[in-house]
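Spelled out from the first residue to the last, the chains are:
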Amino acid sequence: MSTKPSVVLAVANQKGGVAKTTTVASLGAALVALDQRVLLVDLDPQACLTFSLGIDPEDLELSVHHVLTKGLAPAEAIVETEDGVDLLPATIELARAEADLLTRTGREHVLTGVVADLAEAGIHYDWVLLDCPPSLGVLTVAALTAAQGVLIPLQCETLSHRGVGQLLDTVHDVRRFTNRDLEVWGVLPTLYDGRTNHARTVLETISETYDLEVVEPPIPKTIKFAEAPARGRSILATSRSSKGAIAYREVASNLLLRAQRAR
């Protein structure tokens, strides 16, 4: 059995519509294709990640909500998916978890505890990808506290980078109070249309303004992304040779190299 600690990566941006969930599902499937054992954790009460991987949240009796607030062992709620990733799914009940956790001592460490519980149970994942909710509340802070790195998906055709400063303020606070070793792995450009000067300009601006690394390659805008969740699979399963799938496979390879260098 592998004894290397899991790479825990939070995928966060409090702005919606930046392909955050698509990024988590696609990177998860791409890492599995690279012989990595992967757990995805859906931390969004809307359960888009859970739904997009072919699981109806309404059919679930146990979910991440029970793990975070009721003390359920994570292994009890984990489900396997057709994409080869394991999933700790979400349901609408997770909306209550924010309120439940607000009054709890050590709430920032609930996800750190989940990762530790899995290791203690002898369940090893090479990667744990945390799909953060589109807010900077308790669950996002808990995800950043549990993570070694944070990846920020960013749509390059609008002013979606306005929220990046707020997210980086939160990262700074987390580093100061709960996770000194948290690193920003960079910005991942999504819904990218390289034909427009505007997209390229936004990308350059972000990189310079926030002194952030840009994770390559950018994820191109393609209709294939909209089709994949409806089929309950990631784009790597539904359109293996599409530009989007190829880009996510390259990003996954680059993240894997980065993690290996860090080790």
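Given the structure is predicted, the values throughout are model-derived calculations rather than measurements. (Residues numbered from 1 in each chain as written. Predicted model: local features only at pLDDT ≥ 70, side-chain atom pairs only at ≥ 80, totals over all residues. Heavy atoms only, no water.)

*Asks:* How would you summarise helix H5 (residues 94-102) if you had to cite specific residues and measurements?
*Replies:* Restricting attention to buried positions, one finds in H5 the residues Leu94, Ala97, Glu98 and Leu101. Down the axis of H5, the buried set is contained in an arc of 105°. They therefore lie on one face. In this structure, the buried residues of H5 make contact with strand E2 (38-42), helix H3 (64-69), helix H6 (110-120) and helix H7 (138-146). (Buried < 20%, exposed > 50% of the residue type's maximum accessible area, 1.4 Å probe, protein only. Helix = DSSP H or I, 4+ residues; strand = E, 2+ residues; numbered from the N terminus. Arc of directions from axis to C-beta. Contact = heavy atoms within 4.5 Å.)

*Asks:* Help me get a handle on the sheet that holds strand E1 (residues 7-11), residues and values and all.
*Replies:* Strands sit in the order E3-E4-E2-E5-E1-E6-E7 across an open sheet of seven strands; the sheet is mixed. Every other strand in the sheet has two partners, leaving strand E3 (79-80) and strand E7 (183-190) as the edge strands with one partner each. Here two bridges tie E3 to strand E4 (residues 86-88), and the two strands are oriented antiparallel to one another. Within the sheet, the bridge partner assigned to Val79 lies in E4 and is Leu87. Helix-sheet contacts for H7 involve E1, strand E5 (127-131) and strand E6 (149-155), and the interaxial angle to E1 is about 150°. (Pairing = 2+ DSSP bridges. Axes fitted to C-alpha atoms, helices over the stretch in contact; angles between N-to-C directions.)

*Asks:* Tell me what's going on with unusual backbone geometry, and back it up with residues and numbers.
*Replies:* The phi angle of most residues is negative, glycine excepted, and most peptide bonds adopt the trans form. Across the junction of Glu216 and Pro217, the peptide omega takes the value -10°, indicating a cis bond. Secondary-structure assignment places Pro217 in the loop between helix H9 (197-210) and helix H10 (224-230). Even without being glycine, Ala47 reaches a positive phi, approximately 60°. Along the polypeptide, Ala47 turns up in the loop between E2 and helix H2 (48-52). Using a relative accessible area of 1% as the deciding quantity, one classes Ala47 as buried.

*Asks:* Now, about the layout of surface pockets: what can you tell me, with residues and values included?
*Replies:* Leftover empty space is mapped by rolling, across the atoms, a probe with the size of a water molecule. Approximately 220 Å³ is the volume found for the second largest pocket. If you trace the second largest pocket, you find it lined by Pro5, Ser6, Val7, Gln148, Gly149, Asp181, Glu183, Trp185, Arg258, Ala259, Ala262 and Arg263. For the lining of the second largest pocket, the secondary structure elements donating two or more residues are E7 and helix H12 (243-262). Per-element tally for the lining of the second largest pocket: the top contributor is H12, with three residues. Looking at side-chain class alone, the lining of the second largest pocket contains five nonpolar, three polar and four charged residues. (1 Å grid on protein atoms, 1.4 Å probe; cavity = no way out; pocket = protein on both sides within 12 Å on 5 of 7 lines; lining within 4 Å. Points joined across faces, edges and corners; volume = space filled by probe spheres on them. Nonpolar A, V, L, I, M, F, W, Y, C, P; charged D, E, K, R; others polar.)

*Asks:* Give a description of the nonpolar core that names residues and reports values.
*Replies:* Ranked by size, the top nonpolar core spans 52 residues in total, and within it Val41, Leu68, Leu88, Leu111 and Leu130 carry the most contacts. Looking at which element gives the most residues to this core, the answer is H7, with seven residues. When residues no more than four places from it in sequence are discounted, the contact partners of Leu88 are Leu39, Leu40, Val41, Asp42, Val64, Val67, Pro74, Ala77, Ile78 and Val114. By size, the runner-up hydrophobic cluster in this structure holds 29 residues, among which are Val7, Ala25, Leu27 and Val215. (Core = buried A, V, L, I, M, F, W, Y, C linked by side-chain atoms within 4.5 Å.)

*Asks:* Please set out the pairing of E5 residue by residue, giving values where relevant.
*Replies:* For a regular strand, side chains alternate in direction, first toward one face of the sheet and then toward the other. Taking burial as the measure, the five residues of E5 include five buried ones, the bulk of the element. Neither face of E5 is exposed, since Trp127, Leu129 and Asp131 on one face and Val128 and Leu130 on the opposite face are all buried. Both E2 and E5 contribute to a ladder of five bridges, which runs parallel. Within E5, the position partnered with Leu40 by the bridge is Leu129.

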